[in-house]
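A closer look at the structure
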Amino acid sequence: MKTKTLLMMIICALFSWTAVAQNTDGGATELLKKVSAKYQTYSSMQFHYTLKATKEGKTLNTQQGDFALKGNKYRTSFNGQAFFCDGKNIWNYQKSTNEVSIYEYDPEDDENMMNPQLILKNWDKKFRAKFIRDEFINNISYAIVDLTPKTAQSFYRIRIYVNKNTNHIGRIALYEKDNTVYTYYIEQFKTNATLADTYFTFDKSKYPGVEVNDMR
């Protein structure tokens, strides 16, 4: 599964709790309402993450990235590429080739996997949620919730770990049908930073010699 699609799962988890709560049991409803209320108070969010892919107990690879969100604007970088979205346009920069592709931001485009508004709109139609258990990990108490897709997907479960002390998400694991597990460890979580709108646009002057592919 593409990392771009996996990153969508993080956005889902951060912004979709109210819709999810309509399809929960085992105490997940109240938990997700608390998480939703907490995240709704933030004007912006930033975090670093480590993505680890494992299969049958063996680590396949590890990547690191950064993510920032402000309203419908976002910026993320991972694995030698970066995405910028200002709510009107999306820039995808590839470091290896020093080129950037520009696309029009379309809230109704089902293929736009990075679109937070689209995810919010459709989340409750695609998943069910269930409280699994409480668990201590590294002396932190987590509540674990599983999300399962209503229709056939390449994955069969998304497991979300909620820090019970902060109501923040500490970990997200996606389970593929081929037994590969992609786990995001969310670190250095920051809120309410003052992020200028220009932070979410691609500044060509900072990338000398960049090749621009305007796909709009």
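About the cut-offs
Residues numbered from 1 in each chain as written. Predicted model: local features only at pLDDT ≥ 70, side-chain atom pairs only at ≥ 80, totals over all residues. Heavy atoms only, no water. pLDDT = per-residue confidence, 0-100. Contact = heavy atoms within 4.5 Å. Phe/Tyr/Trp six-rings, centres within 6.5 Å; stacked < 30°, edge-to-face > 60°. Helix = DSSP H or I, 4+ residues; strand = E, 2+ residues; numbered from the N terminus. Buried < 20%, exposed > 50% of the residue type's maximum accessible area, 1.4 Å probe, protein only. Pairing = 2+ DSSP bridges. Axes fitted to C-alpha atoms, helices over the stretch in contact; angles between N-to-C directions. Core = buried A, V, L, I, M, F, W, Y, C linked by side-chain atoms within 4.5 Å. Salt bridge = Lys/Arg side-chain N within 4 Å of Asp/Glu carboxyl O. Polar contact = N/O pair within 3.5 Å; in protein donor to acceptor, adjacent residues only side chain to side chain.

**A short note on the confidence of the model for the protein**
Looking at the protein, the pLDDT average stands at 82 and 80% of residues meet or exceed 70. Contacts for the low-pLDDT stretch residues 1–5, under 50 throughout, to residues beyond four places or in other chains number 14 contacts. A low-confidence stretch, residues 110–121 stays under pLDDT 50, and its non-local contacts, those more than four residues away or across chains, total 33 contacts.

**Topic: the packing of aromatic side chains**
Applying the stated criterion across every chain, the model contains 15 aromatic pairs. Here the aromatic rings of Tyr 156 and Tyr 175 are separated by 6.0 Å at their centres, their planes lie at 50°, and the arrangement is tilted. A residue pair is termed long-range when its members are at least 10 positions apart, and Tyr 156 in strand E9 (residues 155–163) and Tyr 175 in strand E10 (residues 168–176) qualify at 19 residues. Residue classification places Tyr 156 among the partly exposed residues on the basis of a relative accessible area of 38%.

**Side note on the pairing of strand E1 (residues 45–55)**
For a regular strand, side-chain orientation follows a simple rule: the groups alternate between the two sheet faces. Most of E1 is tucked away: eight of the eleven residues are buried. Bridge count for E1 against strand E2 (residues 58–70) is eleven bridges, and the pairing is antiparallel. Pairing of Thr 54 across the sheet is with Thr 59, part of E2. Hairpin geometry of E1 and E2 is characterised by an intervening segment of two residues between the two adjacent antiparallel strands and by a positive phi of about 55° at Glu 56.

**Concerning the sheet that holds strand E5 (residues 89–94)**
A sheet is described by the order of its strands in space; here twelve strands give the open sequence E7-E8-E9-E10-E11-E1-E2-E3-E4-E5-E6-E12, paired in mixed fashion. Strands with a single pairing partner mark the edges of an open sheet, and in this sheet they are strand E7 (127–137) and strand E12 (211–214). Geometrically, the sheet is characterised by an average inter-axis angle of 20° between neighbouring strands, direction not taken into account.

**Structural notes on the nonpolar core**
The nonpolar side chains of a soluble globular protein tend to be buried, and buried together. Counting residues in each nonpolar core, the largest one holds 34 residues, and the members touching the most others are Tyr 74, Val 145, Leu 147, Ile 158, Ile 160 and Ile 172. Within the second largest apolar cluster, eight residues are counted, among which are Trp 91, Tyr 93, Val 100 and Ile 102.

**Some thoughts on the environment of Phe 136**
Secondary-structure assignment places Phe 136 in strand E7. By relative accessible area, Phe 136 is classed as exposed at 64%. The spatial distance from the C-alpha of Phe 136 to the C-alpha of Asn 163 is 9.7 Å, given a sequence separation of 27 residues.

**Considerations on the pairing of strand E11 (residues 180–191)**
With ten bridges connecting them, E1 and E11 associate as antiparallel partners. Within E11, the position partnered with Ala 53 by the bridge is Tyr 182. Pairing geometry for E10 and E11, over five bridges, is antiparallel. Within E11, the residue paired with Ala 173 across the bridge is Thr 183. From the end of E10 to the start of E11, which pair antiparallel, there are three residues, and Asn 179 there has a positive phi angle of about 75°.

**A look at the pattern of salt bridges**
Evaluated as defined, the whole model comprises six salt bridges. Between Arg 157 and Asp 146 there is a salt bridge, with its nearest N and O atoms 3.8 Å apart. With Arg 157 in strand E9 and Asp 146 in strand E8 (residues 140–149), the pair connects residues that are eleven residues apart, well separated along the chain. Both residues of the pair, Arg 157 and Asp 146, count as buried. Among the ionic contacts, a cluster of salt bridges with common partners joins Asp 146, Arg 157 and Arg 159.

**Re unusual backbone geometry**
Of note in the backbone geometry, Glu 56 takes a positive phi value of approximately 55° without being a glycine. On the basis of relative accessible area, Glu 56 is assigned to the exposed category, the value being 65%.

**Notes on the side chain of Asn 89**
Inspection of the secondary structure puts Asn 89 in strand E5. Look at Asn 89 and you get buried, because its relative accessible area is 15%. At 3.2 Å, the side chain of Asn 89 forms a polar contact with the side chain of Arg 216. Excluding anything up to four places from it in sequence, Asn 89 contacts Phe 84, Ile 102, Tyr 103, Glu 104, Tyr 105 and Arg 216.

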